[in-house]
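# Reading the structure
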Amino acid sequence: MYDDSAYGDASDGLLSLATRAAGLAGGPVTIEDDASELITYSPGQENSDDARIATILSRRVSDRYRVLLRTEHLDERLAGSSGPFYADLRGAGILPRAVMPIRAGDTAIGSIWAIVQSSPSPEQRAALEESAALLAPLLARQAERRLAADARRTAAVRALLRGGDEAVETARELPLGPGPLAVVAVRPLPSAPAPASGAYGGLCDGPYDGMCAGPGGPPGDPLRRALADLDRRFSAFQPGGLSAEVDGVGYAVVPVGDEQRLLRAVGELPGMAAGVGRTVPGPGRLGRSRADAELVVRLLTRLGATRERTAHIRDVQLDALLMRTVDLAVEAGHDPLGALAELEEYDRRRGTALLDSVDRYLAAGEDARLAARQLHVHPNTLRYRLRRAQEITGLDLSDPAAMFDIRLRLRLRALRLP
């Protein structure tokens with residue numbers, strides 16, 4: 001999130017240009033960066049709409065309204081336009097906008113969004129183009145400062161994540177509490193659901209809660225937005241954390257005052273798998289918390305939407321250890337399914353469902369009638385499948401030791417997904 005105070009008198013210049021652009025365009029404007037983060041806005045927003053108010057309050061375009069960038073192909077128009085264009089969004093209960101891309105050479109670095117009554121006149125178009133030309137060097141300098149600050153922050157987070165003396169020394173140079181601390185690792189979930197039915201109702205509800213990230217989505221890096229979300233959430237109740245993207249994974253090193261509150265804040269991230277490592281007494285032990293967090297986020301990403309999107313290492317420790325067992329077995333050239341691998345191959349060749357039938361039977365507490373109802377087959381059909389499974393694998397479904405082996409390997413089966 002931009003902090004205008006960080007740029008000295010540049011903030012006054014941006015505000016003056018926003019005010020000037022609003023006067024020339026005939027309506028209040030916002031100026032945003034290429035990831036829909038709010039840079040500044042003009043006075044006179046009293047009669048604007050809910051989308052504009054939400055943008056100003058959160059300092060970015062609300063996730064609920066960002067989907068319009070894709071639905072109305074505004075992201076494509078921003079990417080391909082060098083001049084202003086008109087966006088009539090009244091069908092979504094939003095006032096029309098005149099949109100002007102801001103470019104530095106061929107690179108899109110921001111945009112002007114002016115609330116207008118109708119398609120902009122030639123005079124309004126010229127005013128927006130002039131405003132964009134004046135804003136471009138200021139935004140370019142801000143982008144350079146942000147990139148430099150991002151590089152410094154990433155280097156500091158890398159050092160903290162390694163733990164040891166380097167982390168202790170780095171922490172002394174930062175506004176980071178001495179402890180206790182924990183590492184949060186964040187990674188986008190593998191896929192996003194399709195938008196809900198209807199023109200704009202229930203926009204991207206569900207696991208992505210309106211973010212609509214992924215291929216073809218609106219501009220802006222979902223991981224960057226998630227880290228910005230974390231910073232905002234943590235600063236509200238436990239300031240002093242530090243976050244950055246490192247090697248394609250988002251990390252946050254945060255002081256831990258209230259662990260449950262921390263978990264709730266992380267759990268609200270849309271479209272992300274988030275792993276929380278153990279709480280450690282100080283920066284020198286952060287390497288262990290990082291290893292925990294990475295293990296959890298790998299597990300959650302591997303399982304996708306089949307379970308919670310956020311977890312603490314202590315809550316998934318067994319599955320995390322089993323996942324490592326799977327990885328070690330595969331590296332050694334072993335199939336973690338053991339005898340069940342033959343059954344899986346049989347099903348693949350014949351188009352049968354013997355292994356899934358065994359899985360459902362065990363999940364139903366070895367109640368053949370209940371499992372048959374869940375599989376929508378006759379109980380005798382299920383019993384036949386169980387007998388065939390025993391014949392193929394040599395495993396005795398009446399032997400407690402064999403049953404334990406089967407249950408464990410079925411759990412490993414779920415965890416060997418790529």
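Here goes a summary of the coordinates provided. (Residues numbered from 1 in each chain as written. Predicted model: local features only at pLDDT ≥ 70, side-chain atom pairs only at ≥ 80, totals over all residues. Heavy atoms only, no water.)

## Examining helix 5 (residues 122-162)
Because each turn of an α-helix spans 3.6 residues, side chains separated by three or four positions end up pointing in the same direction. Taking 1.5 Å per residue as the helical rise, helix 5 with its 41 residues ought to reach 60 Å, and the 57 Å between its terminal C-alpha atoms agrees with that figure. Roughly 35° is the biggest bend found in helix 5, and it falls at L135, with proline P137 one to four residues downstream. One or two residues past the end of helix 5 sits G163, with phi positive at roughly 70°. (Helix = DSSP H or I, 4+ residues; strand = E, 2+ residues; numbered from the N terminus. Expected span 1.5 Å × (residues − 1). Bend = angle between axes of the 7 residues up to and from the residue.)

## Here's the deal with the sheet that holds strand 8 (residues 249-255)
Read across the sheet, five strands follow the order 7-8-6-9-10 without closing on themselves; strand pairing throughout is mixed. Both outer strands of the open sheet, strand 7 (242-246) and strand 10 (310-312), are each paired with one neighbouring strand and no more. Neighbour-to-neighbour, the strand axes of the sheet open up by a mean angle of 20°, direction not taken into account. In the packing of helix 8 (residues 259-267) onto the sheet, the strands contacted are strand 6 (181-188), strand 8, strand 9 (272-276) and strand 10, and the crossing angle to strand 10 comes to about 155°. (Pairing = 2+ DSSP bridges. Axes fitted to C-alpha atoms, helices over the stretch in contact; angles between N-to-C directions. Contact = heavy atoms within 4.5 Å.)

## A look at the packing of helix 9 (residues 286-303) against helix 15 (residues 400-415)
One can describe the packing of helix 9 onto helix 15 by two numbers: an axis separation of 9 Å at closest approach and a directional angle of 90°. The orientation of helix 9 with respect to helix 15, classified from their angle, is roughly perpendicular. Packed against helix 9, whose contacting residues are L299, R302 and L303, the element helix 15 presents R411, A414 and L415 at the interface. Here the contact of helix 9 with helix 15 is built from residues that sort into four nonpolar, no polar and two charged. (Parallel < 35°, antiparallel > 145°, perpendicular 65-115°, else oblique. Nonpolar A, V, L, I, M, F, W, Y, C, P; charged D, E, K, R; others polar.)

## Quick notes on the nonpolar core
If you look at the biggest cluster of nonpolar residues, it comprises 36 residues, and the most contacted ones within it are V157, L160, L161, V183, Y251, V253 and L286. Sorting the residues of this core by element identifies helix 5, helix 6 (164-172), strand 6, strand 7, strand 8, helix 9, helix 10 (317-331) and helix 15 as the ones contributing at least two each. For this core, the element with the highest residue contribution is helix 9, accounting for eight residues. Not counting the four nearest positions on each side in its chain, V253 is found in contact with L160, L161, L176, A182, V183, G241, L242 and L286. One finds L343, Y346, L354 and L395 within the second-largest nonpolar core, a separate group that totals 23 residues. (Core = buried A, V, L, I, M, F, W, Y, C linked by side-chain atoms within 4.5 Å. Buried < 20%, exposed > 50% of the residue type's maximum accessible area, 1.4 Å probe, protein only.)

## Thoughts on unusual backbone geometry
A negative phi angle is the norm for most residues apart from glycine, just as the trans form is the norm for most peptide bonds. In this model, R59 sits at a positive phi of 65°, which is unusual for a non-glycine residue. Taking relative accessible area as the criterion, R59 reaches 19% and is therefore assigned buried. Phi angles above zero are rare outside glycine, and H376 is one such case at about 60°. With respect to the secondary-structure elements, H376 resides in the loop between helix 13 (368-375) and helix 14 (379-393). Judged by its relative accessible area of 74%, H376 falls in the exposed class.

## Focus on the sheet that holds strand 5 (residues 107-115)
As summarised here, the arrangement of the five strands in space is 2-1-5-4-3, forming an open sheet in which the pairing is antiparallel. Since the sheet does not close on itself, it has two edges, and those belong to strand 2 (38-41) and strand 3 (85-87), each with one partner. Geometrically, the sheet is characterised by an average inter-axis angle of 25° between neighbouring strands, direction not taken into account. In this fold helix 5 packs onto strand 1 (29-33), strand 2, strand 4 (97-104) and strand 5, with an angle of close to 50° to the strand it touches most, strand 4.

## Focus on a positive patch on the surface
On the surface, R369, R373, R383 and R387 cluster together into a positively charged patch. Of all the elements in the fold, those that place two or more residues in the positive patch are helix 13 and helix 14. In this fold, R373 is placed in helix 13. Judged by its relative accessible area of 56%, R373 falls in the exposed class. (Patch = residues over 30% accessible without salt bridge, like charges linked within 9 Å, V, L, I, M, F, W, Y side chains within 5 Å. Areas by Shrake-Rupley, 256 points an atom, 1.4 Å probe, with all protein chains shown as cover. Salt bridge = Lys/Arg side-chain N within 4 Å of Asp/Glu carboxyl O. Lys, Arg positive; Asp, Glu negative; His and termini not counted. Charge placed at Lys NZ, Arg CZ, Asp CG, Glu CD.)

## Remarks on the environment of A291
One can find A291 in helix 9. Through-space distance from the C-alpha of A291 to that of L161 is 8.9 Å; in sequence the pair is 130 residues apart.

## Some words on the pairing of strand 8
Extensive coverage of strand 8 is indicated by the burial of seven of its seven residues. Relative to strand 8, strand 6 runs antiparallel, the two sharing six bridges. Considered in strand 8, the bridge of V186 is made with G250. Across five bridges, strand 7 lies against strand 8 in antiparallel orientation. Looking at strand 8, one finds that A244 is bridged to Y251. Here strand 7 hands over to strand 8 after two residues, with D247 in that stretch at a positive phi of 55°.

## Digging into the environment of D49
Here D49 shows up in the loop between strand 2 and helix 2 (50-58). Counting along the chain gives 45 residues from D49 to I94, while the straight-line C-alpha distance between them is 6.2 Å. Contact partners of D49, with chain neighbours within four places excluded, come to I94, L95, R97 and I115. Side-chain polar atoms of D49 contact the backbone nitrogen of R52, separated by 2.9 Å. (Polar contact = N/O pair within 3.5 Å; in protein donor to acceptor, adjacent residues only side chain to side chain.)

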